[in-house]
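Observations on the model geometry
Listed below, chain by chain, are the residues.
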Amino acid sequence: MTRIFIISILMLQSFVIKAQQPIQVYHSYQYTIFSAYWQDSLSFEVAVPDALYFTKTNQSFPLLILFDQQNRTGFEYHLQGINLLHGVGAQIPGILVAGLPFDPQKRLRLTDTEIYKDGLNGLECTANLIFNELIPLIENEIAPVSFLMVAGHSRTAWLVNYLLANYPERISAAGSFSGFFESNEVKTQLLNLVSKSDTNMVYYLMTSGESFEEQPYLESNNSMADAFEKLLVKEDFKWEMEVFPAANHITNYALSVPVFLTRFFSDYNQIMGEWFEWKQDSLHGIQAAQELENDFINLPYPLSPQLVHIYSLASHYFNQNDYQTVICFIETGLKYYPKEPGLKLFEAELYALSGDSSRAKQLLIEYDELIKNPAIKPDEKAELNDWYESVILELKD
């Protein structure tokens with residue numbers, strides 16, 4: 001196989017846009033359940049990264065719950081933005097994204113302190129739906145949840161504030177966009193979080209626009225920010241207040257979600273920058289592969305490298321003719337993505353180039369099983385099979 005062909009495959013895996021075709025690395029499932037807490041049926045959507053189907057069994061993923069799925073234009077906009085941030089941008093890791101729709105006629109009651117059912121107010125009924133119905137279904141049907149992020153707008157931003165105040169041990173990131181504090185008790189609970197030592201690490205982002213209709217939300221969030229500023233905030237609690245100049249009430253939600261995810265996962269994004277800056281030219285062999293693993297182990301939240309990380313670094317060392325280091329990265333990648341056929345082909349190619357035809361043939365047998373994965377898209381399968389045929393020709397030479 002020629003080096004040019006290998007690099008073309010790596011570019012495919014790195015989500016480079018080809019022929020102006022959109023790169024879609026998420027697909028969605030629809031679920032309908034009857035909620036005992038809402039006493040109502042609801043249909044919700046869960047978007048899943050394609051990478052899930054190449055990971056090891058029971059691999060856990062972060063879960064983001066986006067409130068107000070009933071606003072389809074906004075929700076689909078958010079999904080496409082997350083698709084870009086994870087795919088072409090490689091800015092954030094693969095995450096599960098669940099929508100939670102609110103019937104406009106019940107949205108107020110389901111986010112209110114008034115009793116809704118069996119002595120529980122609307123906020124508690126919604127909290128119980130999330131923790132006892134929605135998340136268990138996702139874990140049973142899709143994948144275990146490693147940590148939870150929640151984001152809401154306006155009325156459901158108040159829900160986010162309530163959830164973080166009352167369930168801080170269950171939430172790792174909370175986005176309150178055009179939010180407010182309907183209860184002084186919730187505000188006090190949030191302020192007390194900065195000194196608690198028995199909760200997990202939390203990232204809390206408040207945002208507002210500056211338009212006329214945003215003024216009450218801007219004032220409320222500024223008041224909360226002022227209160228935080230007066231406290232000595234513990235390291236495990238990180239908060240930010242962001243104001244988007246000229247943004248109106250609806251636009252603020254659209255602007256907030258990508259900022260929320262980009263900032264929360266800033267440590268994750270920094271890893272590749274360090275590799276491109278100096279690590280890839282200083283580290284080699286098993287030391288290099290172990291360094292990458294340690295980079296992710298040392299993150300403040302449980303995450304794995306993306307395939308783009310593995311392929312990008314392996315490509316660099318391949319261009320340096322450092323085949324041994326490439327193999328170390330591929331073996332590392334297979335720890336996280338044992339069902340990824342491209343890694344097997346890449347490794348087979350390297351052993352063929354090194355003259356170990358026996359090992360190369362064994363890897364091609366393993367590839368023959370992995371290529372049967374139904375999650376592989378037809379165009380990707382065609383390119384992988386072209387690559388396979390090229391390796392076969394090399395072994396015959």
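Located above this text is the structure these notes cover.
Presented here is a report on the structure given in the accompanying data block.

What counts as what
Note that residues are indexed from 1 along each chain, following the sequence as it is written. The model is predicted, so local features are restricted to residues of pLDDT at least 70 and side-chain atom pairs to those at 80 or more, both for listing and for counting; the totals for chains, interfaces and linings are taken over all residues. Hydrogens are left out, water is left out, and the side-chain values use all remaining heavy atoms of the structure. For this document, the term salt bridge refers to a Lys or Arg side-chain nitrogen within 4 Å of an Asp or Glu carboxyl oxygen. For helices the rule is a DSSP run of H or I covering at least 4 residues; for strands it is a run of E covering at least 2, with both sets numbered from the N terminus onward. Think of it in three bands: residues with accessible area under 20% of the maximum for their type are buried, residues over 50% are exposed, and the middle band is partly exposed, with areas taken using a 1.4 Å probe on protein chains only. Two residues qualify as a contact provided that any one of their heavy atoms is within 4.5 Å of a heavy atom in the partner residue. A pair of strands is treated as paired once DSSP finds two or more bridges between them. When the strands point away from the viewer, a crossover counts as right-handed if the route from the first strand across the helix to the second turns clockwise. The term nonpolar core refers to a set of buried residues drawn from Ala, Val, Leu, Ile, Met, Phe, Trp, Tyr and Cys, joined through side-chain atoms within 4.5 Å. Only rings of Phe, Tyr and Trp enter the pairing, Trp through its six-membered ring, and a pair is recorded when the two centres are within 6.5 Å. The plane angle decides the type: under 30 degrees is stacked, over 60 is edge-to-face, the rest tilted. Axes here refer to lines fitted to C-alpha atoms; in helices the fit is confined to the stretch in contact. Angles between the N-to-C directions go from 0 to 180 degrees.

**A look at the pattern of salt bridges**
Scanning the entire structure with this criterion turns up 16 salt bridges. Taking the shortest distance from any N to any O, the salt bridge between Arg263 and Glu242 comes out at 2.8 Å. With a gap of 21 residues between them, Arg263 in helix H7 (residues 249-264) and Glu242 in strand E10 (residues 237-244) connect regions that are remote in the sequence. Judged by relative accessible area, which is 28%, Arg263 ranks as partly exposed. The structure contains a network of salt bridges with shared partners spanning Glu274, Lys279, Glu291 and Asp295.

**Notes on unusual backbone geometry**
Despite not being glycine, Asn58 shows a phi value in the positive range, around 65 degrees. Tracing the chain through its elements places Asn58 in the loop between strand E2 (40-49) and strand E3 (61-67). Since its relative accessible area comes to 64%, Asn58 is described here as exposed. With a phi angle near 50 degrees, Asp118 is a residue other than glycine that sits in the positive phi range. Within the secondary structure, Asp118 is located in the loop between strand E5 (115-117) and strand E6 (120-121). Relative accessible area serves as the criterion here: at 65%, Asp118 is assigned to the exposed category.

**A few points about the side chain of His249**
Looking at the element boundaries, His249 is found in helix H7. According to the relative accessible area criterion, His249 is buried, its value standing at 15%. Each residue touching His249, except ones within four places of it in the same chain, is listed here: His153, Ser154, Ser178, Ser211, Glu213, Glu214 and Tyr217.

**Digging into the pairing of E10**
Both faces of the sheet carry side chains from a regular strand, because those side chains alternate between them. Two elements, strand E9 (residues 202-209) and E10, share eight bridges in a ladder whose sense is parallel. Paired with Ser208 across the bridge in E10 is Val243. In this view, the connection linking E9 to its parallel neighbour E10 by way of helix H6 (residues 215-229) has right-handed handedness.

**What about the nonpolar core?**
Note that soluble globular proteins tend to have their nonpolar side chains buried in a common cluster. Ranked by size, the top nonpolar core spans 70 residues in total, and within it Leu64, Leu261 and Phe265 carry the most contacts. The biggest single contributor to this core is helix H10 (residues 307-319), with seven residues. Ignoring any residue separated from it by four or fewer positions in sequence, one finds Leu261 in contact with Leu64, Ile82, Leu85, Ile92, Ile95 and Met149.

**Points about the packing of aromatic side chains**
The full count for this structure, using the stated rule, is 27 aromatic pairs. Plain terms: the ring middles of Trp275 and Phe329 are 5.8 Å apart, the flat faces sit at 80 degrees to each other, and that makes the pair edge-to-face. Here the residue Trp275 occupies a position in helix H8 (residues 266-282), and Phe329 occupies one in helix H11 (residues 323-336), the gap between them amounting to 54 residues. The pair Trp275 / Phe329 is uniform in exposure class, with both members buried. Through a chain of ring-to-ring contacts, three or more aromatic side chains come together here, namely Phe147, Phe177, Tyr203, Tyr253, Phe260, Phe264, Phe265, Tyr268, Phe296 and Tyr301.

**What about the sheet that holds E9?**
Spatially, E1-E2-E4-E3-E7-E8-E9-E10 is the arrangement adopted by the eight strands of the open sheet, whose pairing is mixed. Edge positions in the sheet fall to strand E1 (26-35) and E10, since each of these pairs with one other strand and no more. Between one strand axis and the next, the sheet turns by 15 degrees as a mean value, whatever way the strands run. The pairing of strand E7 (residues 145-153) with strand E8 (residues 173-177) spans five bridges and is parallel. Note that in E8 the partner of His153 across the bridge is Phe177. Strands E1, E2, E3 and strand E4 (96-100) of the sheet are contacted by helix H2 (residues 72-86), whose axis makes an angle of about 20 degrees with E2. Lying on the sheet, helix H4 (residues 155-166) is in contact with E3, E7, E8 and E9; it crosses E7 at an angle near 140 degrees.

**Focus on the environment of Ala288**
In this fold, Ala288 is placed in helix H9 (residues 285-297). Take Ala288: its relative accessible area is 0%, and that puts it in the buried class. Taking the C-alpha atoms as reference points, Ala288 and Gly179, separated by 109 residues in sequence, lie 45 Å from one another. Those residues within four positions of Ala288 in sequence are excluded, and the remaining contacts are Trp275, Leu283, Tyr317, Thr325 and Phe329.

Coordinates in, geometry out; function isn't part of it.
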